[in-house]
Amino acid sequence: MGTKQDMGASLEELEKAGLVELPAIADAFTGASTALSGISTSGMFVTDGPFAQNCPQTQFESLIEAMTASTKRSGDVLDDVSAALVTTARDFAKTDADIMAAYVAAGGTLE
């Protein structure tokens, strides 16, 4: 098992993931869902359009809607996970003075 210094540093890494790394990924999912929601099918399914013969418009629109909702939800879940990581790291660091000192020394914040 690791030392309290290792524990403090590991908690700081969890906090960093929650504050920096996962929010960036969540933002990418949110951006993707915004881009997907902006796709217009007008003109695609007209007689000479690229999908006129290959795919029914309603199925294509349903697929876009499902992808948009799923991508947005993934971003929302990552935001929730980020907040939980930060709270968990900070709360756990407060349970032991040595771990808290190592956590702060590693760059962690308590608020």
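A brief report on the enclosed structure follows.

Cut-offs used in this document
- Residues numbered from 1 in each chain as written.
- Predicted model: local features only at pLDDT ≥ 70, side-chain atom pairs only at ≥ 80, totals over all residues.
- Heavy atoms only, no water.
- Helix = DSSP H or I, 4+ residues; strand = E, 2+ residues; numbered from the N terminus.
- Expected span 1.5 Å × (residues − 1).
- Bend = angle between axes of the 7 residues up to and from the residue.
- Buried < 20%, exposed > 50% of the residue type's maximum accessible area, 1.4 Å probe, protein only.
- Contact = heavy atoms within 4.5 Å.
- Polar contact = N/O pair within 3.5 Å; in protein donor to acceptor, adjacent residues only side chain to side chain.
- Salt bridge = Lys/Arg side-chain N within 4 Å of Asp/Glu carboxyl O.
- Arc of directions from axis to C-beta.

Here the focus is helix 1 (residues 4–37). The end-to-end C-alpha distance of helix 1 is 48 Å, a good match for the 50 Å that 34 residues give at a rise of 1.5 Å each. The largest bend in helix 1 is about 45 degrees, located at Ala 17. Restricting attention to buried positions, one finds in helix 1 the residues Gly 8, Leu 11, Glu 12, Glu 15, Ala 17, Gly 18, Leu 22, Pro 23, Ala 26, Ser 33 and Leu 36. On its buried face, helix 1 is in contact with helix 2 (57–93) and helix 3 (97–105). The opening residue of helix 1 is Thr 3, an N-cap whose side-chain oxygen sits 3.3 Å from the backbone nitrogen of Gln 5.

With that out of the way, let us pick up the pattern of salt bridges. Counted according to the given criterion, the structure contains 4 salt bridges. For Asp 96, the salt bridge goes to Lys 4, with nearest N and O atoms at 2.8 Å. With Asp 96 in the loop between helix 2 and helix 3 and Lys 4 in helix 1, this pair connects stretches of sequence that are 92 residues apart. Relative accessible area serves as the criterion here: at 39%, Lys 4 is assigned to the partly exposed category. The partner of Lys 72 in a salt bridge is Asp 76, with the nearest N and O atoms 2.9 Å apart. Remark: Asp 76 and Lys 72 occur in helix 2; sequence separation between them is 4 residues, near one turn of the helix. On the basis of relative accessible area, Lys 72 is assigned to the partly exposed category, the value being 37%. Residue classification places Asp 76 among the partly exposed positions, given a relative accessible area of 26%. What you see here is one network of salt bridges that share partners, running through Lys 4, Asp 96 and Asp 98.

All buried positions along helix 3 are accounted for by Ile 99, Ala 102 and Tyr 103. Projection of helix 3 onto a plane perpendicular to its axis shows the buried side chains occupying an angular sector of 100 degrees, all on one side. Residues Ala 97 and Ala 105 are exposed on helix 3 and point more than 90 degrees away from its buried face. Next to the buried residues of helix 3 lie helix 1 and helix 2. Where helix 3 begins, the capping side chain belongs to Asp 96, and its oxygen is found 2.8 Å from the backbone nitrogen of Asp 98. Phi for Gly 107, located one or two positions after helix 3, is positive at around 110 degrees.

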